[in-house]
Amino acid sequence: MLFRSDSPKYYRTHAKQERTERIDLLERLLHEYPDETEASIRTRIEILDQLGREYRSIREFKIAKKYFEKSLELSQEIDYKPGEAEALENLGIVCYNAREFEQAKLFLNRSLSVKEQLGDKRGQASTYHELGWVAQELRKFEAAREYYQQALAIRVEFGDRFSQAMTYHNLGMLADRKSTRLNSSHLVISYAVFCLKKK
């Protein structure tokens, strides 16, 4: 049966087909691409990361993890710190998605350490934000709040309003989990109003 082009089922089917085609293309590129120079190895690292993200997006976490682990291995072999930080963060996110929260925390902390060595403050903000998610899932609400606030401070420093809004949203949701319904709803609204006033 053909689907109407505006139906949700059509979009899901079409998106899945596109994703499968993209994975096939990336896997062919990976097998065909040489790894003779540092530049070509960096390209392979990027392809591995893209493959990991594609598999993560279709919830194939074990396969995604293998690609991120290979990316980490290659990055460490050539002492490519940005690639190492990226692979560690991706491993943390895929572990989070697989509900392996303690493992996610370990990978994210390692990523944060590399980003600190690199002086990558924007990257640190992203990792602090993700550590907030993990702490929240572990029901360590105070730690989650601290991570979100660290992320927020950096995002404010750089004037990154979109990311600030995401962090304010998470702080509001955290307040919602910690507080009574009346107080938490007020806090969520307060954070939203604050974000709107900053425009």
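Refer to the structure printed above.
Residues numbered from 1 in each chain as written. Predicted model: local features only at pLDDT ≥ 70, side-chain atom pairs only at ≥ 80, totals over all residues. Heavy atoms only, no water.

### Let's talk about the overall build of the chain
Step number 1: Looking only at helices and strands, the chain features nine helices and zero strands.
Step number 2: Listing each helix as α and each strand as β along the chain from the N terminus yields α-α-α-α-α-α-α-α-α.
Step number 3: In the chain, which comprises 199 residues, the proportion classed as buried is 39%.
Step number 4: Put simply, of all contacts in the chain between residues at least 6 apart along the chain, 51% involve residues at least 24 apart.
Step number 5: Within the structure as shown, the chain displays about 11,900 Å² of accessible surface, and the carbon and sulfur contribution to it stands at 53%. (Helix = DSSP H or I, 4+ residues; strand = E, 2+ residues; numbered from the N terminus. Buried < 20%, exposed > 50% of the residue type's maximum accessible area, 1.4 Å probe, protein only. Contact = heavy atoms within 4.5 Å. Areas by Shrake-Rupley, 256 points an atom, 1.4 Å probe, with all protein chains shown as cover.)

### Brief notes about the packing of aromatic side chains
Step number 1: Enumeration according to the criterion identifies four aromatic pairs in this entry.
Step number 2: Seen from their ring centres, Tyr55 and Tyr67 are 5.7 Å apart, and the 10° between their planes marks the pair as stacked. Of this pair, Tyr55 sits in helix α2 (residues 38–57) while Tyr67 sits in helix α3 (residues 61–77), and the two are twelve residues apart along the sequence.
Step number 3: A residue is classified by how much of its surface remains accessible, and Tyr67, at 17% relative accessible area, is buried.
Step number 4: Seen in terms of ring centroids, Tyr96 and Trp133 are 5.4 Å apart; in terms of plane orientation they differ by 40°. Their pairing is tilted. Placement of the pair is Tyr96 in helix α4 (residues 81–97) and Trp133 in helix α6 (residues 121–137), with a sequence separation of 37 residues.
Step number 5: Residue Tyr96 is classed as buried on the basis of its relative accessible area of 18%.
Step number 6: On the accessibility criterion, Trp133 (28% relative accessible area) is partly exposed.
Step number 7: An aromatic cluster of three or more residues is present, and its members are Tyr96, Phe101 and Trp133. (Phe/Tyr/Trp six-rings, centres within 6.5 Å; stacked < 30°, edge-to-face > 60°.)

### Some thoughts on the pattern of salt bridges
Step number 1: The tally for this structure, following the rule as stated, stands at 13 salt bridges.
Step number 2: Put simply, Glu54 and Arg22 hold a salt bridge, and the shortest N to O gap is 2.7 Å. You can see Glu54 sitting in helix α2 and its partner Arg22 sitting in helix α1 (residues 8–32), a full 32 residues away along the chain.
Step number 3: Salt bridges sharing partners connect three or more residues here, namely Arg19, Arg22 and Glu54. (Salt bridge = Lys/Arg side-chain N within 4 Å of Asp/Glu carboxyl O.)

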